[in-house]
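In case you want the letters, here they are:
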Amino acid sequence: EMEAKYTRKMQALRDEMDLRRKTEIHELEERKNTQISELVGNHEGAFGAIKNYYNDITAKNLTLINLLKEQVEELKKKEAVLEKEKADVLRENKGLTEPLQEAQELVAELQKKLVHYYRDKEALMNSKAHLKMTQKELKDLQWEHEVLEQRFSQVQEERDDLYQKFTRAINEVQQKTGFKNLLLERKLHGLLTLLEQKDVELSEVLAASNLDPSALSLVSHKLEDVLSSKNATIQDLQLQLARVCKAHNDMLQTFEAKLTAFGIPLDNLGFQPLSFPFPGQ
């Protein structure tokens, strides 16, 4: 019974599967036929479009060929006319060759003259510009000359004034410096003489006093202190004298430099400036 049961089920399942297979095959065939019909229709439409396109091209080409033939015939006619005109022009050219050559020679000569004219015109303009510049420079130089003459006169007056002032100043400074140096030298000479006298007097006093060594040492120390003070005074006076001499000599160097700057020779002073030696020289 079970075998019969399953045999019936197997048969029913097989029938169902056959029916399904037939149904699917039928659907596939219908879809295939539909696609084939669509493809055929599409191909026929495309073929018709291509056929129409090439028919149009062929018709246009035939029309163009006919048109070109007509144009070729017209061009041949024009060519014949142009050939005839060319022959006429050649004949006219032969008749105009000599006048043309003469005209060309005349043009070349006129071009040369034109070049020379432009060159002369440019040279004339340059000369005029140079003349204007020269005249302007001349006016400027004349004005500068007048200004320089005025400045020269003013500088000459200033030089003469400075010359007189320097001469008076040199004379005054030489007189003052010489007098001061003389006083300092006399004062220094007097101090040296007084120092020598004091040394002699001190020696005589020490020899006559017969002092003991301690008192003699004390007196000697005091005397040395006095001598040190006097020596310091002498050194200060010598330093002052050296400063005055140096100031005088510096003033003389400045005066000579100013005279040289103004172009005044030292021989024209009328006297010879003297420089004082430093103490110890």
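Conventions and cut-offs
Residues numbered from 1 in each chain as written. Predicted model: local features only at pLDDT ≥ 70, side-chain atom pairs only at ≥ 80, totals over all residues. Heavy atoms only, no water. Helix = DSSP H or I, 4+ residues; strand = E, 2+ residues; numbered from the N terminus. Salt bridge = Lys/Arg side-chain N within 4 Å of Asp/Glu carboxyl O. Buried < 20%, exposed > 50% of the residue type's maximum accessible area, 1.4 Å probe, protein only. 1 Å grid on protein atoms, 1.4 Å probe; cavity = no way out; pocket = protein on both sides within 12 Å on 5 of 7 lines; lining within 4 Å. Points joined across faces, edges and corners; volume = space filled by probe spheres on them. Nonpolar A, V, L, I, M, F, W, Y, C, P; charged D, E, K, R; others polar.

### Structural notes on the environment of K230
Thinking step 1. Within the fold, K230 resides in helix 2 (residues 213–261).
Thinking step 2. The spacing of K230 and L192 is 38 residues in sequence and 9.4 Å in space, taken between C-alpha atoms.

### So, the pattern of salt bridges
Thinking step 1. If you walk through the whole model with that rule in mind, you get five salt bridges.
Thinking step 2. Ionic pairing is found between R91 and D88, a salt bridge with its closest N-O pair at 2.0 Å. Separated by three residues within a single helix, R91 and D88 lie in helix 1 (residues 2–209), roughly one turn from each other.
Thinking step 3. Overall, the relative accessible area of 55% leaves R91 in the exposed class.
Thinking step 4. Among the residues examined, D88 registers a relative accessible area of 28% and is labelled partly exposed.
Thinking step 5. A salt bridge links D140 to K136, with the nearest nitrogen and oxygen atoms 3.3 Å apart. Here the residue D140 and the residue K136 both occupy positions in helix 1, the gap between them amounting to four residues, near one helical turn.
Thinking step 6. On the basis of relative accessibility, which here comes to 33%, the residue D140 falls in the partly exposed class.
Thinking step 7. Taking relative accessible area as the criterion, K136 reaches 54% and is therefore assigned exposed.

### Some words on the layout of surface pockets
Thinking step 1. Of the volumes computed, that of the largest pocket is approximately 180 Å³.
Thinking step 2. In terms of lining residues, the largest pocket is bounded by 10 residues, among which L194, L195, K198, V226 and K230 are the most central.
Thinking step 3. Within the residue set of the lining of the largest pocket, elements represented by two or more residues are helix 1 and helix 2.
Thinking step 4. Top element by residues in the lining of the largest pocket is helix 2. It accounts for six residues.
Thinking step 5. Split by residue class, the lining of the largest pocket holds seven nonpolar, one polar and two charged.

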